[in-house]
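Chain residues, written in single-letter form:
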Amino acid sequence: MDSMTLNKPVQAAVTQPVKVSARDVKVYYGAKRALHGVNVDIYQNEVLAMIGPSGCGKSTFLRTLNRMNDTIDICRVEGKILLDGEDIYDPKLDVVQLRARVGMVFQKPNPFPKSIYENVIYGPKLHGLATRKDEFDAIVETSLKRAGLWNEVKDRLHEPGTGLSGGQQQRLCIARAVAVSPEVILMDEPCSALDPIATAHIEELIDELRESFTIAIVTHNMQQAARVSQRTAFFHLGDLVEVGDTEEIFTNPRDERTQGYITGRYG
Amino acid sequence: MTEIAEPMPTAMPVSLHTGDAATKRLKARYAAERRFRLYGILAILFACSMLVILLSTLLKEGTSAFFQTEVKLAVTIDAGTIDPQGTGNPAEWDRGAFQTLVTDALYKAFPDVTGRTEKRDLRGLVSPVAGVRLGQMLDKNPALVGQTIEVWLPASDGINQIVKGGIDRDLPEIERPINDKQLAWFDSLQQRGDVKSAFNTTFFTASDSNYPELAGLLGAAVGTLLTMLVTLAISLPIGVAAAVYLEEFAPKNRFTEIIEVNINNLAAVPSIVFGLLGLAVFLNFFGMPRSAPLVGGLVLGLLVLPTIIIASRAALKAVPPSIREAALGMGASRLQTVMHHVLPLAMPGIMTGTIIGMAHAVGETAPLLMIGMNAFVTSAPDSLLASSSVLPVQIFIWADKPERGFVELTSAAILVLLAFLILMNGAAIWLRKKFERRW
């Protein structure tokens with residue numbers, strides 16, 4: 001298998017600088033290897049979609065980018081992941097600071113069982129980004145506006161965030177993530193628990209957020225990958241099979257496994 | 001799948017799920033379900049009837065203890081008798097002389113009683129410690145010295161039991177503690193309207209005594225309160241900290257597994273073993289005082305620790321992992337995640353477990369006997385190091401006494417203990433409802 005040659009990042013269509021770059025990333029769960037050496041670059045202000053069948057390692061890879069895998073005792077990461085050229089697995093690096101720079105939105109909307117307002121200011125409070133009430137108010141307003149939720153909740157900011165609908169909860173989670181002004185936002189199948197209308201809403205939002213953030217999104221839904229991303233990475237059985245311009249991946253995949261997946265022969 | 005397309009045969013064979021055999025199976029299933037429901041109802045009825053029997057016995061035995069027979073006497077407070085030195089200072093009074101005043105008043109009420117034995121029988125109408133009550137009244141109002149006052153004083157245990165029906169007055173004279181003459185005097189007192197049944201305030205304001213009419217629960221209740229404070233102060237922080245560490249931080253390896261197994265086993269250790277531990281460690285090694293609420297609290301704290309750890313771990317486990325991920329993903333450290341989100345969400349469960357554990361500790365007797373909390377203590381403890389008793393031990397002590405008066409006191413004390421427990425369980429439910437958050 002000469003996937004190594006295919007793994008080379010495609011740079012032609014992109015002019016932005018590299019924001020995150022993974023070099024030969026291997027992830028082990030105990031003795032089992034879940035990722036077999038992933039090389040990929042994520043460029044600033046782009047949306048990189050990661051697709052692939054279940055268990056292919058795309059979520060595992062996403063979680064290495066802000067070291068969420070640290071919480072799993074038996075998980076071990078090899079290789080290098082550079083954020084602005086800095087190794088995020090450097091023991092001297094502070095994980096808290098890393099996660100402030102690389103925010104995350106999860107598969108299932110998981111707002112804290114607190115008010116909408118408290119949900120949004122949790123991050124800024126944690127990282128000491130604001131101290132006065134008016135500063136917090138401003139953060140809440142801009143974050144909710146960015147997440148397209150402000151008009152729906154501005155009159156009930158102090159009601160519990162868990163009382164919102166599923167789509168609203170997920171946008172609240174996005175607002176919570178952008179409130180700390182991260183540089184990269186990781187999204188792990190953010191729409192899989194949502195209905196089509198809420199999904200469309202989030203997809204629009206992702207496109208807007210791209211102007212300010214670099215986004216990596218894992219999705220099961222190939223149409224969604226095609227709609228929201230500029231580039232797409234295809235994972236299969238722990239290998240990054242192919243990464244390239246979304247259009248190219250979907251119209252003219254180079255690897256037959258990619259072709260098999262996007263044409264629905266397996267998945 | 002092709003069979004479906006074929007035309008149906010005109011004569012349908014009897015399906016497996018209709019017909020006689022099937023109806024029989026169905027009936028058997030219904031019968032089994034009815035039978036099972038019946039077993040369940042029977043079990044509940046059995047449990048309820050046991051509870052009713054227990055409570056009705058206690059109420060029948062115990063309610064009379066809340067009332068006490070009192071006799072009205074015109075007592076002349078002779079200054080010369082109680083205050084021979086004439087200091088006028090209540091602290092200098094001759095405490096023994098008050099009983100003399102009471103007996104003098106009795107003699108005056110029955111002037112035709114003269115003989116020595118007769119006089120002794122007459123004294124048997126009022127409590128041998130009625131003078132103590134009189135002394136307490138005068139302490140509050142020393143201006144009464146020198147006057148003749150009408151006071152209600154506790155009747156003796158025998159009279160008390162005759163009034164309450166604890167002892168049948170129709171028994172042969174030889175079989176009751178009150179003889180015929182005493183009964184006649186008592187009846188004449190009753191005719192004069194000088195006998196009443198009053199609420200037994202002594203039961204709640206006094207501590208243990210050798211006389212049932214003077215014995216109360218205050219000392220034991222205060223002792224229980226102090227002991228529980230120590231228990232809570234020891235077991236809650238240690239228990240929650242241990243649970244948080246084991247559940248949220250500890251690596252899952254052989255060592256933590258052994259600890260876990262040991263904690264579960266500790267919850268099943270007989271409580272008297274904890275008493276022996278307290279005796280060996282706190283009393284003999286650290287030299288702490290016997291019978292002290294501090295030691296009792298420490299022993300009971302160790303006793304409920306496993307319960308609290310297990311309940312707290314279950315509560316922590318029940319917090320959805322998505323909340324932890326959300327907090328960690330926002331850049332919270334593991335400690336912040338626990339403190340800001342996990343612990344507050346687990347709090348209702350932790351509090352419920354703690355109060356259940358405390359309720360367990362309130363009713364614990366055996367380990368406290370080991371550290372000497374069955375001492376005879378006639379005053380409420382004023383510090384954690386003072387000698388003291390607790391409610392269940394007080395019940396144990398009273399249950400051992402032969403006097404009829406203590407039998408009803410035992411039941412009454414059990415009722416008070418049960419009220420204590422209901423209160424604590426109610427608090428557990430209230431706290432859980434109050435702090436429960438929905439997501």
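## Points about the domain arrangement of chain B
Residues and elements named next belong to chain B.
Reasoning step 1: Per the domain assignment, the segments of chain B are domain 1 (68-198) and domain 2 (218-435).
Reasoning step 2: The interface of domain 1 with domain 2 comprises four residues on the first partner and four residues on the second.
Reasoning step 3: Buried area between domain 1 and domain 2, summed over both chains or domains, comes out near 320 Å², and the portion from carbon and sulfur atoms is 39%.
Reasoning step 4: When the buried surface of domain 1 facing domain 2 is broken down by residue, D157, Q161 and K164 rank first, second and third, together holding 78% of it.
Reasoning step 5: On inspection of domain 1 and its partner domain 2, the count reaches one salt bridge.

## Here we look at the sheet that holds strand β4 (residues 75-83) of chain A
Residues and elements named next belong to chain A.
Reasoning step 1: On the basis of which strands lie adjacent, the open sheet formed by four strands has the order β2-β1-β4-β5 and antiparallel pairing. The outermost strands of the open sheet, each flanked by one partner alone, are β2 (32-43) and β5 (86-87).
Reasoning step 2: Bridge analysis of β4 against β5 gives two bridges, and the strand direction is antiparallel. Bridging across to β5, L82 finds its partner in D87.

## Here's the deal with the layout of surface pockets
Residue and element names in this part refer to chain B.
Reasoning step 1: Volume-wise, the largest pocket comes out at about 450 Å³.
Reasoning step 2: If you list the elements that add at least two residues to the lining of the largest pocket, you get α9 (218-249), α13 (321-329) and α14 (334-362).
Reasoning step 3: Broken down by class, the residue content of the lining of the largest pocket amounts to six nonpolar, two polar and seven charged.

## Structural notes on the pattern of salt bridges
Reasoning step 1: Across all of its chains, the model carries 32 salt bridges over all chains by this definition.
Reasoning step 2: A salt bridge links R171 of chain A to E152 of chain A; the nearest nitrogen and oxygen atoms lie 2.8 Å apart. Taken together, the residues R171 of chain A in helix α7 (residues 166-178) and E152 of chain A in helix α6 (residues 150-153) connect sequence positions 19 residues apart.
Reasoning step 3: With relative accessibility at 6%, the residue R171 of chain A sits in the buried group.
Reasoning step 4: When the shortest N-O distance is used, the salt bridge between E70 of chain B and R133 of chain B registers 3.4 Å. Residue E70 of chain B is found in strand β1 (residues 67-76), and its partner R133 of chain B is found in helix α5 (residues 130-140); the two are separated by 63 residues along the sequence.
Reasoning step 5: Among the residues examined, E70 of chain B registers a relative accessible area of 8% and is labelled buried.
Reasoning step 6: Each of K19, D84, E86, R101 and E183 of chain A takes part in salt bridges that share partners, so that together they form one network.

## What about empty space enclosed by the protein?
Reasoning step 1: Evaluation of the coordinates by the stated rule reveals four cavities of 30 Å³ or more.
Reasoning step 2: Along its surface, the largest cavity is lined by A65, Q68, D157, N160, K164, N200, P212, E213, G405, E408 and L409 of chain B.
Reasoning step 3: Put simply, the parts of the chain that give the lining of the largest cavity at least two residues each are α6 (157-164) and α17 (404-435) of chain B.
Reasoning step 4: Of the residues belonging to the lining of the largest cavity, the class tally is three nonpolar, four polar and four charged.
Reasoning step 5: Residues lining the lining of the largest cavity come from more than one domain, with at least three contributed by each of domain 1 (68-198) and domain 2 (218-435) of chain B.
Reasoning step 6: Its boundaries defined by the atoms lining it, the second largest cavity holds a volume of some 40 Å³.
Reasoning step 7: As for the second largest cavity, its lining consists of M104, V105, F106, N110, C173, R176 and A177 of chain A together with A326, G329 and M330 of chain B.
Reasoning step 8: Counting residues per element, the ones that place at least two in the lining of the second largest cavity are β6 (102-105) and α7 of chain A together with α13 of chain B.
Reasoning step 9: At three residues, α7 of chain A tops the list of elements feeding residues into the lining of the second largest cavity.
Reasoning step 10: In terms of residue class, the lining of the second largest cavity is built from seven nonpolar, two polar and one charged.

Reading the values: the criteria
- The residue numbers shown here count from 1 along each chain, following its written sequence.
- Chains and ligands are labelled by the order in which they are written, letters from A for the one and numbers from 1 for the other.
- Where totals are concerned, whole chains, interfaces and linings use all residues; where local detail is concerned, this predicted model gives features only for residues with pLDDT of at least 70, and gives and counts side-chain atom pairs only at 80 or more.
- In computing side-chain properties, one takes all heavy atoms of the structure into account and sets aside hydrogens as well as water.
- The domain boundaries here were taken from an automatic or database domain assignment.
- Residue contacts are defined here by distance: any two heavy atoms, one from each residue, within 4.5 Å place the two residues in contact.
- A quick way to say it: buried area is the sum, across both parts, of accessible area lost when two parts are put together, with a 1.4 Å probe.
- Basic side-chain nitrogens of Lys or Arg form a salt bridge, by our definition, when they fall within 4 Å of a carboxyl oxygen of Asp or Glu.
- We call two strands paired when DSSP finds no fewer than two bridges between them.
- Strands are runs of DSSP state E lasting at least two residues, helices are runs of H or I lasting at least four, and both sets are numbered from the N terminus onward.
- The pocket and cavity definitions rest on a 1 Å grid over protein atoms only: a 1.4 Å probe that fits but cannot leave marks a cavity, an open set with protein on both sides within 12 Å along at least five of seven lines marks a pocket, and residues lining either have an atom within 4 Å of a point.
- Grid points are joined across faces, edges and corners, and a volume is the space filled by probe spheres set on the points.
- Classification used: nonpolar for Ala, Val, Leu, Ile, Met, Phe, Trp, Tyr, Cys and Pro, charged for Asp, Glu, Lys and Arg, polar for all others including Gly.
- Burial classes follow relative accessibility: with a 1.4 Å probe on protein chains only, a residue under 20% of its type's maximum area counts as buried, one over 50% as exposed, and anything between as partly exposed.

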